[in-house]
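# An overview of the molecular structure
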Amino acid sequence: KFTAHFQEEYTSEDHIKEEPANELANATYVMLVRNSDLDGAISSIRALEDRFNSRFGYPYVFLNDEPFSEEFKRRISVLTPSKVEFGTIPKEHWSQPDWIDEKKASKARQQMVATNVKYGGSVAYRNMCRFNSGFFYRHELLQPYKWYWRIEPNVKFFCDIHQDPFKYMEENNKTYGFTIAVYEIPATIPSLWPAVREFIDDHPEYIAEDNAMGFISQNNGLTYNRCHFWSNFEIADMDFWRGPAYSAFFEFLDSTGGFYYERWGDAAIHSIGASLFLKREQIHFFEEIGYQHDDWYHCPRPDAIWTKGRCSCSQRGSFDYNHESSCKPHWDRFITS
Ligand code: GDP
Ligand code: MN
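Residues numbered from 1 in each chain as written. Chains lettered and ligands numbered in written order. Predicted model: local features only at pLDDT ≥ 70, side-chain atom pairs only at ≥ 80, totals over all residues.

Rule in force here: UniProt positions are given in the numbering used here, feature names are shortened, and annotations may be inferred rather than shown by experiment.
In the annotation of an unreviewed UniProt entry, the entry for the protein reads Glycosyltransferase family 15 protein, and the organism field reads Rhodocollybia butyracea. Under the heading Sequence similarities (unreviewed entry), UniProt records this for the protein: "Belongs to the glycosyltransferase 15 family."

### Notes on the packing of helix α11 (residues 244-255) against helix α13 (residues 266-277)
Axes are the key here: two packed helices are described by the angle between their axes and the distance separating the axes. Rules: What counts as an axis is a line fitted to C-alpha atoms, over the stretch in contact for a helix, and the angles between N-to-C directions run from 0 to 180 degrees. The numbering of helices and of strands both runs from the N terminus, where a helix is a DSSP run of H or I of at least 4 residues and a strand a run of E of at least 2. We call two directions roughly parallel when the angle between them is under 35 degrees, roughly antiparallel when it is over 145, roughly perpendicular when it lies between 65 and 115, and oblique otherwise. Note: crossing handedness is left-handed where the near helix turns anticlockwise from the far helix by less than a right angle, and right-handed where it turns clockwise. What counts as a contact here is a pair of residues whose C-beta atoms, placed from the backbone, lie within 7 Å. Under the grouping applied here, Gly and all other residues not named as nonpolar or charged are polar, the nonpolar ones being Ala, Val, Leu, Ile, Met, Phe, Trp, Tyr, Cys and Pro and the charged ones Asp, Glu, Lys and Arg.
Packing of α11 against α13 brings their axes to within 10 Å, and their N-to-C directions diverge by 140°. The angle between α11 and α13 falls in the class oblique. The two elements α11 and α13 cross, and the hand of that crossing is right-handed. On α13, the residues touching Ala245, Tyr246, Phe249 and Leu253 of α11 are Ile269, Gly273 and Phe277. When its residues are assigned to classes, the contact of α11 with α13 shows six nonpolar, one polar and no charged.

### Brief notes about the environment of Asp295
By the element assignment, Asp295 lies in the loop between β11 (291-293) and β12 (296-298). As for Asp295 and Val155, which are separated by 140 residues in sequence, their C-alpha atoms are 9.9 Å apart.

Here it is as structure tokens:
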């Protein structure tokens, strides 16, 4: 009797149907990854498929500064029925510009190595930060898309995601979505805020009314409090990065050489851009997306959301209110002020 019941359930149309209820948004996942990170990439895709995408079918774009190996393409493509594309990044989007004073840049790198700044000696890491700040959304494989969800190798997704985050963004006039907010390492950005202030002075026309300056500064822009959205997870609108305000902002910051003379990260650059050029209500915190990158994770706090998501994370261990590096308490204060 039990078996019969089970079989009936299992073969019912509803149960095996994989079509999403609604139309898809014009959106894709994007992962920047090396061939050597294949196992980590597989792990991230598998989690995302299991928790969300097998029911929705959004496509994937994989980008690499070197051509992807046949092995990489084969073992990624087998994981999903979705469209999967693999792109190589043009050299101009991934190299230290000629006009950078290499002597000055290498001195800065040595200094950071001597003081144990993470990735302080790496030019590749700087190329990556600059690419993610100002170039990924210009890659030809991303041109057809408006929305993207950034993923990295070895990240975790803890909860079933019932509501399409892209459609949520679209229908609620959101532009930038995050799950974790943290403080930047001071040694990587000494001249970033002075440069941002110069840009603001020169381009007051780009600053949004009712912006999120209060998230990144506690004194109306005099100093940067180092809060930023952790950009290893992002669900956002590429047309915002492609637009006049952020484009001018990136070009100006790039022209100062700070990506190479210091070690500016794309998380701070994206966050400052979003905070200045968007209305605060266009920035969205995804409570329901349980997510881990390296040691830190966000787990939904409200019990109803955690239960509905069948989350595998501990709410008590969630980074949000349990770590001195979390900017979430400050975000909450700002957004409710
Ligand atoms: P972290 O998150 O700041 O610690 O930096 P990661 O090492 O995770 O790098 C951020 C993203 O860029 C990840 O998606 C990496 O896979 C990717 N990435 C970093 N360096 C390189 C590189 O040299 N080549 C490629 N193709 N991807 C890279
Ligand atoms: Mn990472």
